[in-house]
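One-letter residues, chain by chain:
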Amino acid sequence: MEKQWIKTSSKKQEGYPLWIGQDLTEKIIQREITESQETTGWVLVTDQNIQRIYQQKIQDLEAGAKNKSLPFLTLVIPPGESSKSLQKVEELAGVIAGKDFGRKTKILALGGGVVGDLAGFLASIYMRGVEYVQIPTTLLAQVDSSIGGKTGVNLFEGKNLLGSFYPPCSVWIDEDFLTTLEIKDWVNGYGELLKHGVLKDEGLFKAIEDQLDQNRTFNRISEAPAELTAIILRGITVKKEIIEADEKEQGLRKLLNYGHTFGHALEALYQYEGCSHGEAVLKGMVYEAEIAVCLGLLNNEDFSRIRNLIDGILKRGRDLPSPTKNIEDLIGFMKRDKKNRGNEISFILPEKIGKTREVFLKEEDLRRIFFKRKF
Ligand code: ADP
Ligand code: ZN
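Here is what the cut-offs are and how they apply
Residues numbered from 1 in each chain as written. Chains lettered and ligands numbered in written order. Predicted model: local features only at pLDDT ≥ 70, side-chain atom pairs only at ≥ 80, totals over all residues. Heavy atoms only, no water. Donors = N, O, S within 2.8 Å, 3.2 Å for Na, K, Ca; no water. Helix = DSSP H or I, 4+ residues; strand = E, 2+ residues; numbered from the N terminus. Buried < 20%, exposed > 50% of the residue type's maximum accessible area, 1.4 Å probe, protein only. Near = heavy atom within 4 Å. Polar contact = N/O pair within 3.5 Å; in protein donor to acceptor, adjacent residues only side chain to side chain. Areas by Shrake-Rupley, 256 points an atom, 1.4 Å probe, with all protein chains shown as cover. Nonpolar A, V, L, I, M, F, W, Y, C, P; charged D, E, K, R; others polar. Contact = heavy atoms within 4.5 Å. Axes fitted to C-alpha atoms, helices over the stretch in contact; angles between N-to-C directions. Left-handed = near helix turned anticlockwise from the far one by under 90°. Domains from an automatic or database assignment. Buried area = accessible area lost by both parts, 1.4 Å probe. Salt bridge = Lys/Arg side-chain N within 4 Å of Asp/Glu carboxyl O. 1 Å grid on protein atoms, 1.4 Å probe; cavity = no way out; pocket = protein on both sides within 12 Å on 5 of 7 lines; lining within 4 Å. Points joined across faces, edges and corners; volume = space filled by probe spheres on them.

### Structural notes on the coordination of the zinc ion (ligand 2)
- Distances from the zinc ion (ligand 2) to its protein donors, namely Glu192 (OE), His260 (NE2) and His277 (NE2), fall within the range 2.1 Å.
- In the primary sequence, the donor residues of the zinc ion (ligand 2) line up as E-x67-H-x16-H. Of this pair, His260 sits in helix H11 (residues 260–269) while His277 sits in helix H12 (residues 277–294), and the two are 17 residues apart along the sequence.
- Taking the relative accessible area as the measure of exposure, His260 reaches 5% and is therefore buried.

Now the structure itself:
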């Protein structure tokens, strides 16, 4: 088990620990329950799939609290984005309050991004804030959403429109959970991992290239735990360094949006059903790398490496239809991106593998590039 420290301010000691390894349940019980001096009760939030697959782990956590004769409540939500709603927050808060859980309650968020964002948001406002622990169970949540202290729920008008910056008191990355992921969830996680490589870490990109070169399926990848740990840790480190330098999302954090201007537009185009976030971002990274080539920012060799690796990952999942016929709709969605400057659209573009920068493009320039590259 390795311990990392995530800083939440420039002050030396302020922050929270992140643990990474295999089979961490015993350690979680020991640190978060047995040795937890002030906590007066635990509320575990999870979804129905995880409850079904990891019943034993949940029972073990509960037994830890029972040993201390303190209350432990498990709240189970339906899987999927539709659970990330204010209504759900109110419903869960009502149950907790009805059972007299007070300010010294600790919330355990056991699940993917949906559970983490929802339970984190609940923790940030229940009794003006209680402690919470992230135990992310998807690759995406482990390398991305559990790092950085962002919490939130969706509105009908858009995703994550209500939320808070509220760091957890600790994060537990237990790779055991990955063994039961579906292919689409591996693809989802690899999208953001690869992005972290292009942003800041050529070595991470190369490690993923080497891993996939051996033609392993995702499930077999999870059978090589040392390699996987190294890759996850590097992915986390990139995100950690960026958010530590820019906790409140002013400058550097923008870089995390590589692949996302296009990716969000693709998700909107396919109405959030035809593709997952990760698939849309993977495609977005290829298109945005093409834009970088057109602008003379990126050389063809690096572009080919990006495209080949992404094709290799998408081949293991399912491919998306080409958006050629929908260019105008795509531009329409991109014009709504909140990073835009006036009527110029913001893109984070690679200059080489390991380095990116923000570029603003006018709609006409974008259209010209689309036609030139025959997207
Ligand atoms: P993310 O944003 O992290 O992709 P979600 O919370 O939407 O996350 O989870 C994606 C899907 O994967 C959900 O259906 C969830 O129930 C399921 N899931 C989460 N963790 C696991 C796991 N370890 N094994 C199998 N399925 C999981
Ligand atoms: Zn993303």
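So much for the structure itself; the text now carries on.
### As for the site of ligand 1
- Around ligand 1 sit 18 residues, and of these Asp47, Gly113, Thr137, Thr138 and Thr180 come closest.
- A distance of 2.6 Å is found between an oxygen atom of ligand 1 and a side-chain nitrogen or oxygen belonging to Thr138.
- In this structure, Thr180 approaches ligand 1 through a side-chain N or O atom, which is 2.7 Å from a nitrogen atom.
- When ligand 1 is considered free in solution it has 570 Å² of accessible area, and contact with the protein chains removes 86% of it.
- The element best represented in the shell around ligand 1 is helix H2 (residues 48–53), accounting for three residues.
- For the shell around ligand 1, the class distribution of residues is nine nonpolar, seven polar and two charged.

### Focus on the side chain of Glu192
- Mapped onto the secondary structure, Glu192 falls in helix H7 (residues 183–200).
- Engagement of the side chain of Glu192 in a polar contact is seen with the side chain of His277, the distance being 3.1 Å.
- Ignoring anything within four residues of it in the chain, the contact list for Glu192 reads Leu140, Asp144, His260, His277 and Val281.

### Looking at the packing of H11 against helix H14 (residues 327–334)
- At a minimum axis separation of 9 Å, H11 and H14 run at an interaxial angle of 115°. Seen from above, H11 lies across H14 with right-handed handedness. Residues Thr261, Phe262, Ala265, Leu266, Ala268 and Leu269 of H11 form the contact with H14, whose participating residues are Asp329, Leu330, Phe333 and Met334.
- Partitioned by chemical class, the residues of the contact of H11 with H14 number eight nonpolar, one polar and one charged.

### As for the domain arrangement of the chain
- Segmentation of the chain into domains returns domain 1 (2–180) and domain 2 (188–373).
- Look at where the C-alpha atoms of domain 1 and domain 2 centre, and you get two points 28 Å apart.
- Taken together, the contact pairs 23 residues of domain 1 with 25 residues of domain 2.
- Ranking the residues of domain 1 by area buried against domain 2 places Leu139, Val143 and Phe165 at the top, with a combined share of 24%.
- Inspection of the domain 1/domain 2 interface yields two salt bridges.
- When residues of the side of domain 1 that touches domain 2 are traced back to their parent elements, those giving at least two are strand E1 (2–7), strand E2 (15–21), helix H6 (139–145) and strand E8 (158–165).

### Side note on empty space enclosed by the protein
- Across all of its chains, the model carries two cavities of 30 Å³ or more by this definition.
- Within this model, the largest cavity holds a volume of roughly 60 Å³.
- Among the secondary structure elements, those contributing two or more residues to the lining of the largest cavity are helix H1 (25–34) and helix H3 (55–67).
- Among the elements that line the lining of the largest cavity, the one with the most residues is H3, at three residues.
- Residue composition of the lining of the largest cavity, by class: six nonpolar, one polar and two charged.
- Considering only enclosed or pocket space, the second largest cavity measures out at about 40 Å³ in volume.

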